[in-house]
Structure formats: structure tokens, C-alpha cells
Amino acid sequence: QVQLVESGGGLVQPGGSLRLSCAASGSIFSMNYMGWYRQAPGKERELVATISSGGFTNYADSAKGRFTISINNAKNTVSLQMNSLKFEDTAVYYCYALAAATRTSGLRGAWGQGTLVTVSS
């Protein structure tokens with residue numbers, strides 16, 4: 001079982017920056033990819049960015065050019081650098097990991113508890 005803990009959320013002004021971090025712990029034989037998703041009130045959870053253990057990235061259109069995702073395979077951590085933040089970025093941000101706990105285990109997804117990002121003047 002993989003546990004994820006997010007940090008870095010908070011209140012920021014429009015145009016400002018914020019860096020989110022997520023640390024994975026527990027039994028991790030291999031990590032497939034990690035990513036960030038977000039959910040605003042009344043809306044479905046949506047993908048923000050993902051990154052594979054090999055470094056391949058995928059971004060939502062709304063995040064391209066403003067957000068940068070990175071992974072540290074040695075520490076099993078993922079970060080999201082968010083720049084030029086907008087009101088629309090306000091949401092609870094969730095860390096996600098797809099990993100295998102042992103050599104014989106299949107891939108299983110895990111979610112963090114979420115961290116609130118509020119963009120307001």
C-alpha cells in the first residue's frame with residue numbers, strides 16, 4: 001500500500017506562484033507515474049499534469065506554459081511548480097501515484113488527501 005502526503009497549498013494572489021510537493025511512502029517496488037489532479041467546488045476532478053518515472057510529461061491545456069511537473073525517482077516525490085496563477089486555478093489539488101507494491105503485484109493507484117490552493121486578491 002502506497003501512502004501520499006501533499007504539502008505547499010495556501011493562499012496566493014493572482015499572478016503569483018506556488019510550489020506543491022508530494023511524497024510517496026510504503027511498499028513501492030516500482031513507480032509507473034505520478035501526477036496532480038484538482039477539483040473545484042461543483043466540478044469534476046480533472047487532470048493537471050502527470051509525469052512517468054522515465055520523465056515523460058503530460059499537461060492539461062490550462063496548465064501548459066504556466067505549470068511544471070517534476071519527479072525525483074530516488075525519493076519517490078513529485079512537485080508541481082505553478083506560476084502566473086489565476087482565479088480559475090482555485091481548487092483542492094490531489095497527488096496521484098500508480099505503482100506496484102511488490103515484484104508480483106499489479107499496478108495500483110493511490111490518492112493523497114489533497115491540499116487547498118486559493119487564488120484571490
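Reference entry: report on the structure contained in this document.

Criteria and cut-off values
- Each residue is numbered by its place in its chain's sequence as written, counting from 1.
- pLDDT decides what is reported in this predicted model: residues at 70 or higher carry local features, side-chain atom pairs at 80 or more are listed and counted, and totals for whole chains, interfaces and linings draw on all residues regardless.
- Excluded from the side-chain calculation are hydrogens and water; included are all heavy atoms of the structure.
- Note on ring pairs: Phe, Tyr and Trp rings are taken, using the six-membered ring of Trp, and paired if centres are within 6.5 Å. Classes follow the plane angle, with under 30 degrees stacked, over 60 edge-to-face and the rest tilted.
- Runs of H or I in DSSP of at least four residues are treated as helices and runs of E of at least two as strands, each being numbered from the N terminus.
- Burial status follows relative accessibility: with a 1.4 Å probe on protein chains alone, a residue under 20% of its type maximum counts as buried, one over 50% as exposed, and anything between as partly exposed.
- Only strands that DSSP links by at least two bridges are regarded as paired with each other.
- Note on method: axes are straight lines fitted to C-alpha atoms, helices fitted across the in-contact stretch only, with angles between N-to-C directions ranging 0 to 180 degrees.

### Things to note about the packing of aromatic side chains
Going through the model one piece at a time under the given rule, you end up with five aromatic pairs. Ring centres of tyrosine 37 and tyrosine 96 lie 5.9 Å apart, and the angle between their planes is 75°; on these two criteria the pair is classed as edge-to-face. Of the two residues, tyrosine 37 is situated in strand β4 (residues 30-39) and tyrosine 96 in strand β9 (residues 91-100); the sequence distance between them amounts to 59 residues. A single burial state applies to tyrosine 37 and to tyrosine 96, both of which are buried. Consider the rings of tyrosine 37 and tryptophan 111, whose centres lie 5.2 Å apart with planes at 70°: the pair is edge-to-face. Taken as a pair, tyrosine 37 in strand β4 and tryptophan 111 in strand β10 (residues 108-111) lie far apart in primary sequence, 74 residues in all. On the accessibility criterion, tyrosine 37 (14% relative accessible area) is buried.

### Concerning the sheet that holds strand β3 (residues 18-26)
With respect to topology, four strands assemble into an open sheet ordered β1-β3-β8-β7, the strand pairing being antiparallel. On the outer flanks of this sheet lie β1 (2-7) and β7 (67-72), each paired with one strand and no other. Averaged over all pairs of adjacent strands, the angle between their axes in this sheet comes to 15°, without regard to strand direction. Bridge count between β3 and strand β8 (residues 77-82): six bridges; the pairing is antiparallel. Across the sheet, arginine 19 pairs through a bridge with glutamine 81, a residue of β8.

That is the geometry; function is a separate question.
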